[in-house]
Amino acid sequence: MNEIATVKENEATPAAPSRRRFFASALAAALGVSLADVIGPGELDAAPPGPSACPSTCPTTPPAGQPFVPVAEFVRHSTANPSEVNLDVDMTVKAGCKYVTTIGGQGLQCQPMGLRYYEGRYANNSALKWPPKPALSIWPANPELPGPGPTFRVRIGDRVRIHLSNKIDPNLLPKTTTVETNKPDPMACDVQTGTDPATGGNIPLYPQGEKMPSCLHGDNTTNLHFHGTHVTPDGHGDNVMIDVYPVGHVPPPPPGKPPNFSEYTNDFRIPLPPPAPNPVNPKEKMLMGQAPGTHWYHAHKHGSVALQLLNGMAGAFIIEGEFDDQLEKLMPGLRQTEKVLVIQQIGDQIMIQRQSNPPSAQPGKPLNTCASGDPRTLVNGQLQPTIAMQPGEIQRWRIINATMQQVSYLTYSFTGKSDPGYVPVIRQIAYDGIQIAPERYNDPNFGLAQRFTLAPANRIDILVQAPATQGESLLSFAPVHPAPTAGCLSSTTIAPYLVLLSVTGSPKSPAMSFPTPENFPPLPAWLQWDESDPILKTRTLQFNWWNYPKGENDPNYGQPAIDGKVFDDTLNTAQVVDLNALEEWTLQNFWDSSIHPFHIHVNPFQVLEIFDPQNPPETQHTIMQKPYIWRDTIAIPASTGPLNNLSLGYVKIRSRFVDFPGTFVLHCHILDHEDRGMMQMVEICDTKLRACPSLPQHH
Amino acid sequence: MGKPKKGGYPPPQGSTRYIHIVGGQIEDKTIAWGDWVVWMNEDRAKYTLVVLEVNGASVPASVWATLTAVGTPDANSSPRQFYWPGAPPKDPYVYTYGMQDPPNSKGVLTVQIVVPPDAESV
C-alpha cells in the first residue's frame, strides 16, 4: 500500500499495458500468416488505445500487516457567509481493474477484479487532509488498489454539495445486463448462466422469476445515499429516487418525462439542533437535530446497490458537533489520533444460490446471495493493517461496516497475539453515529463491554486504550452465529482478524484516562424524548419472502420481500406516515438462514426489545433499558424451527417522523435482499404542504 | 496471518476469471469449480463462442457467449459459472470451445478443484 504515497498531485495514472499487442504478435509469429486475410485487419486489431480490462494476474501480491493507511479526507471550511457551501466535492464514478488481496485456495493471493469506484476531488482542486501526503488532491491516489471513496468531514449546520458524475465505462466490466442503452426500456434484470459440467450446456441461474424493478439490474447506474443523515429526502437532499446513468449510455426519457442524466448534485444543509430553523422550511423550528457522529455514504440505486457496494462504492461521512468538542476537552489530542476504519469485502460478482444449485440450498427455503470470489474483510482497502499506539494511549476509532452480505455479521474483540491476556481496554461511546447516554456508557452491555457486533451498515465509535506495556494484540472477529446451512461460504473463518494493534515506544505522557460516567457528555435534549408521549400508531413489518406463506411452487419462491410483497415502486409496498407521528414498530424475521439488518432513511429510532431465538433461552429476549440506544440500522435476528412453526426473531423500535416530509425508503441492508425486493417506500405526509400520499414513480 | 491447516486453505468461493480474445485468438485458461468466466472481446470483430468438446468427446454446440465488437455494450460476456454440484472430481475437466464463424479459433478451458498458484497470482 505504500505506493499510495508516491503518487504526485494530478498525476495521470497510466493505463495498464494492453495484452492485445502481445497476443497478436505471438499469434502471427506462431502461424506465419496474417489472420487479416481471414477476417480483415481492421477487425482483428483495431481497438483504440485506452484503459485496459483486467489482466489474468496481478503484478504483485501485496503483503498483509502493512502500516494502517488513512483514507484521504475532504474537510469542511468555515465561512462567515451563511449561504456559502462548506464542503464542495466532485465525485466521479469510474470503472477499472483493481488488484484485491484475498486468502483462500493456496493462501494469500491477489486477484484482478473489474470494479466500479469513486474518485473524488475538491471542487476548487485544493489539497486534501492527509498527513503523509499533504499535496494529494485526488482520491484514490492509486486506482489499482481497492478501497472506499474519500472521507467527508463536516460539522453540524454545514452546507454540503456533492457533484456526482457517472463515467463508468461498461467495456471494462463484465456484462450483467442489457445495460443502459438507448432503448425505450433501458433496464432489464441481470442474466447469469451456469454450465452443465458433463455437456457444457447452459443452465439458467438468474433471474428465474424475478422481475423489474426488484431484481439485480442497472449495474452501471447509480446515485448517492447519505446514510445516517437527518436531512430532507427530497430534491437535492438525501434523495435515492434518482438514476444517474453512465455518460454515453443515457437513455431517452419516456414520453412526457424529463430528460435522464449522467450527473447530479446533492446540495443540502446539515441541520442545527432545536430550536434552530428547519433549513428546508425556515418558518418551522427543528424538532430533532442531526446526530454528530460516524455516518457514511454509498450508492443506492435500487437493483445495483449490492454490486456497487461489493465493488467498494462507499465512504465515511463524519459529522462533527458538540459531542466531539466535549470529548476533546476530556481527552486533549483525541482528534489528532482518531482513526476511521471502513470495513469492506470487495468482490466483482453477485452469486445467487438456487434451490437446486448448489444442493446445499434447501428446497422450500429462501434463496441466499453471496459475493463471488473470496472477499476478505478489508480495512480501508487493506488486509489486516497495523495500527501503532503508545503504551497507555487512548484513541478514538470510528468503525463502519460498509459490506453488503450476511457473512460480515461479526462480533469483534481483542485477543493478545502471543499473550492471550495482552489486550487493550475499549469503551463504546456511540452506535450508528449517535452518542450513547452516560448510563449506557457505564452499561456492561454497551460502554463497558469488551466486544461489539456489527451488522452490515452498522457503525460503532470506541475509545481504545493501549495496555501499559509494549506488545501486540489482534482485533479478532467471529460469526455471531454458526454459518447457516444454506448460507454463503464463511471465508471469514480464515485468519479472522481485522487489524493488528502494535503498542510500542514510551508510555503516553501525560497519562490519558477514559471519561467517567459523571463527566461523559450527556445526551442533548432532542435525544431525550418524553417517554410518556403516547404512541400514535403501531405497525408490524414481516421480513419474509414473496407471497408468504404461499407460493412454494412458484419459480421465484424465496425472493426477499416484506409482508409477502416484493417492492414494486407503488403504494402497494409503502408505509405512509404522518409528519411528527410517534410510532412503535415490530420487525419480524421469517428467515432462518439470515439476519435482516433493518434500515430506515432520514429518521433514527430507539430500540426497545430484541428477541434472538438462536441464542440460549436465558439470553434470547433483551428488553432495553432507558435511556434507550439510538440506531439507524439494526439486525433482526434470524428465526428458528420448521416453516410451519417458526420461532421468529424480532426487534421492537420507536421512532418519531419529524422535520422532513417527503419520500424515502426502508429496507434490509443485506443489499441483494434490498435489490431483489426487501424494501418499501416511506412517505412522510404533511397535508399542509401537499396531498398525501403522492408517491413518485422512479423506475 | 497464521499457517494454513493441514491440507491447505479451503477452496475459495467462486471467483470471476477474465478470458481475453485478442487478434482473433482465445486465451487458454485454468479455473476452479465454482468460478465464473467473463470473455472480453478486444477486437472489432463479433464473435459467437460455442462449446465443442468435453474431455475430448464431442458435445452439442451450446452457445457460451455472443460478443459484439470492442467498445460496444456487449463486447464483454455475462459471467458464466462452472459449478460442480457436490464434491468435484479429482481429475480436471477440459472444455474445448471455439468461434462459430471465422476465424474459427479454439480455446481450452480447464476446470479443476483448485487453481494452481502460478495460474492465478504472481
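Residues numbered from 1 in each chain as written. Chains lettered and ligands numbered in written order. Predicted model: local features only at pLDDT ≥ 70, side-chain atom pairs only at ≥ 80, totals over all residues.

Caption draft 1: Fine view of the overall build of chain B. Along the backbone of chain B there are one helix and ten strands. In chain B, the succession of helices and strands from N to C terminus is β-β-β-β-β-β-β-β-β-β-α. When the 122 residues of chain B are sorted by exposure, 49% land in the buried category. Taking all contacts inside chain B whose residues are at least 6 apart in sequence as the whole, residues at least 24 apart take part in 50%. (Helix = DSSP H or I, 4+ residues; strand = E, 2+ residues; numbered from the N terminus. Buried ≥ 20, exposed ≤ 12 C-beta atoms within 10 Å, placed from the backbone. Contact = placed C-beta atoms within 7 Å.)

Caption draft 2: Geometry of the overall build of chain A. The number of helices and strands found in chain A is eight helices and 36 strands. Counting only residues that meet the buried cut, chain A has 52% of its 699 residues in that class. Within chain A, counting contacts between residues at least 6 apart in sequence, those at least 24 apart form 77% of the total.

Caption draft 3: The sheet that holds strand β7 (residues 202-206) of chain A, seen in detail. If you trace the six strands from one edge of the open sheet to the other, you get β7(A)-β6(A)-β8(B)-β4(B)-β1(B)-β2(B), paired in mixed fashion. Unpaired on one side and paired on the other, β7 of chain A together with β2 (25-26) of chain B mark the two borders of the sheet. (Pairing = 2+ DSSP bridges.)

Caption draft 4: Looking closely at the pairing of strand β5 (residues 47-54) of chain B. Residue and element names in this part refer to chain B. Here β5 runs beside strand β7 (residues 63-67); their pairing, made up of four bridges, is antiparallel. When the bridges of β7 are listed, Y47 appears paired with L67. Pairing between β5 and strand β9 (residues 93-99): five bridges, direction antiparallel. The partner of V54 across the bridge, within β9, is Y95. Bridge count between β5 and strand β6 (residues 57-58): two bridges; the pairing is antiparallel. Residue pairing across strands places V54 opposite A57, the latter belonging to β6. In this structure, the hairpin formed by β5 and β6 is closed by a connection of two residues, where N55 is found at a positive phi of approximately 50 degrees.

Caption draft 5: Quick look at unusual backbone geometry. For the bond running from P274(A) to P275(A), omega is 10 degrees, close enough to zero to count as cis. Mapped onto the elements of the fold, P275(A) is located in the loop between β9 (263-269) and β10 (293-298). That bond from S509(A) to P510(A) is cis: its omega, -5 degrees, falls within 30 degrees of zero. A positive phi angle, near 50 degrees, is found at N55(B), a position not held by glycine. Structurally, the position occupied by N55(B) is in the loop between β5 and β6. Phi at N104(B) is positive, roughly 55 degrees, even though this residue is not glycine. Within the secondary structure layout, N104(B) lies in the loop between β9 and β10 (106-112). Classification of N104(B) by C-beta neighbours within 10 Å gives exposed; the count is 11.

Caption draft 6: Summary view of the nonpolar core. All names here are of chain A. Counting residues in each nonpolar core, the largest one holds 192 residues, and the members touching the most others are L309 and V342. Here this core takes eight residues from strand β2 (residues 87-104), the largest share from any one element. Among the domains, domain 1 (344-521) and domain 2 (526-685) are the pair contributing at least three residues each to this core. If we ignore the near neighbours within four places in the chain, the residues touching L309 are H298, A299, A314, A402, M404 and L671. (Core = buried A, V, L, I, M, F, W, Y, C linked by C-beta atoms within 7 Å. Domains from an automatic or database assignment.)

Caption draft 7: A look at the domain arrangement of chain A. Residue and element names in this part refer to chain A. The domain boundaries assigned to chain A delineate domain 1 (344-521) and domain 2 (526-685). In this assembly, 27 residues from domain 1 lie in contact with 25 residues from domain 2. A class-by-class count of the residues in the side of domain 1 that touches domain 2 yields 15 nonpolar, eight polar and four charged. (Nonpolar A, V, L, I, M, F, W, Y, C, P; charged D, E, K, R; others polar.)

Caption draft 8: Focus on the environment of T222(A). Residues and elements named next belong to chain A. Here T222 shows up in the loop between β7 and β8 (225-227). Given 27 C-beta atoms within 10 Å, T222 falls into the buried group. Distance in space between the C-alpha atoms of T222 and A64 is 32 Å, their sequence separation being 158 residues. The contact partners of T222, leaving out residues within four places of it in the chain, are V93, N166, V244, A299, K301, S304 and Q308.

Caption draft 9: Here's a closer look at the sheet that holds strand β20 (residues 434-435) of chain A. All names here are of chain A. In spatial order, the strands read β15-β12-β17-β22-β19-β20; together these six strands make up an open sheet with mixed pairing. A strand with exactly one partner marks an edge of an open sheet, and here the two such strands are β15 (378-379) and β20. Where strand β12 (residues 339-344) lies against β15, two bridges are found, and the strand directions are antiparallel. Note on β15: the bridge partner recorded for I343 is V379.

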